[in-house]
Amino acid sequence: TDMTFDDFEEKPFRSTDIGINSFVIDEIPAGLINSANVTFTTSRYFRANTLAVYYDGVRLVRNVGFTEGTDQKSFTLATAPTTAHLLRIDYIAL
């Protein structure tokens, strides 16, 4: 069906609504930080392309420093962090 301008203004998000509880900030991802592990998981499912990964406070570039998993609950780092490094993530949850 065709969408009119009025429809878009009233319902800009057709799939699901984004509420204040959808924003996850400064989460510690699950996964071993042991110089070998590169796969980590989030506590909730995230919207594709909303994951931000911080490695010692520096935001990594998507598809360079990390890739999002197709399951929308995991991600893979390009380099395994050592025990001295900190990982934090932000994302919009489903």
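Parameters at a glance
- Residues numbered from 1 in each chain as written.
- Predicted model: local features only at pLDDT ≥ 70, side-chain atom pairs only at ≥ 80, totals over all residues.
- Heavy atoms only, no water.
- Helix = DSSP H or I, 4+ residues; strand = E, 2+ residues; numbered from the N terminus.
- Buried < 20%, exposed > 50% of the residue type's maximum accessible area, 1.4 Å probe, protein only.
- Areas by Shrake-Rupley, 256 points an atom, 1.4 Å probe, with all protein chains shown as cover.
- Pairing = 2+ DSSP bridges.
- Axes fitted to C-alpha atoms, helices over the stretch in contact; angles between N-to-C directions.
- Salt bridge = Lys/Arg side-chain N within 4 Å of Asp/Glu carboxyl O.
- Core = buried A, V, L, I, M, F, W, Y, C linked by side-chain atoms within 4.5 Å.
- Contact = heavy atoms within 4.5 Å.

On to the overall build of the chain. Scanning the chain for helices and strands turns up one helix and seven strands. The order of α-helices and β-strands along the chain, N terminus first, is α-β-β-β-β-β-β-β. When burial is assessed residue by residue, the chain has 30% of its 94 residues classed as buried. Here the chain displays about 6300 Å² of accessible surface, and carbon together with sulfur accounts for 55% of that area.

A few words on the sheet that holds strand 2 (residues 39-41). The strand order across the open sheet built from three strands is 2-6-5, with neighbouring strands paired in antiparallel fashion. Strand pairing shows two members of the sheet lacking a second neighbour, strand 2 and strand 5 (66-68), which therefore form its edges. On average, adjacent strands in this sheet sit at an angle of 25° to one another, irrespective of strand direction.

Let us look at the pattern of salt bridges. Applying the stated criterion across every chain yields a total of two salt bridges. Linking Arg88 and Asp26 is a salt bridge whose minimum nitrogen-to-oxygen distance equals 3.8 Å. You can see Arg88 sitting in strand 7 (residues 87-92) and its partner Asp26 sitting in strand 1 (residues 23-27), a full 62 residues away along the chain. Arg88 gets classed as partly exposed once you look at its relative accessible area, which sits at 25%.

What follows concerns the sheet that holds strand 1. Spatially, the four strands line up as an open sheet ordered 1-7-3-4, and their pairing is antiparallel. At either margin of the open sheet sits one strand with a lone partner, and together these are strand 1 and strand 4 (58-59). Sheet topology note: the strand 1/strand 7 ladder contains three bridges and is antiparallel. Note on strand 7: the bridge partner recorded for Phe23 is Ile92.

What follows concerns the nonpolar core. Core analysis: the biggest nonpolar cluster contains 13 residues, and Leu51, Val53, Phe75, Leu77 and Tyr91 have the highest contact counts within it. Contributions of two or more residues to this core are made by strand 3 (52-55), strand 6 (74-77) and strand 7. Looking at this core element by element, the count peaks at three residues for strand 7. Leave out the neighbours within four places in its chain, and Val53 touches Val58, Arg59, Leu60, Phe66, Phe75, Leu77, Leu87, Arg88 and Ile89.

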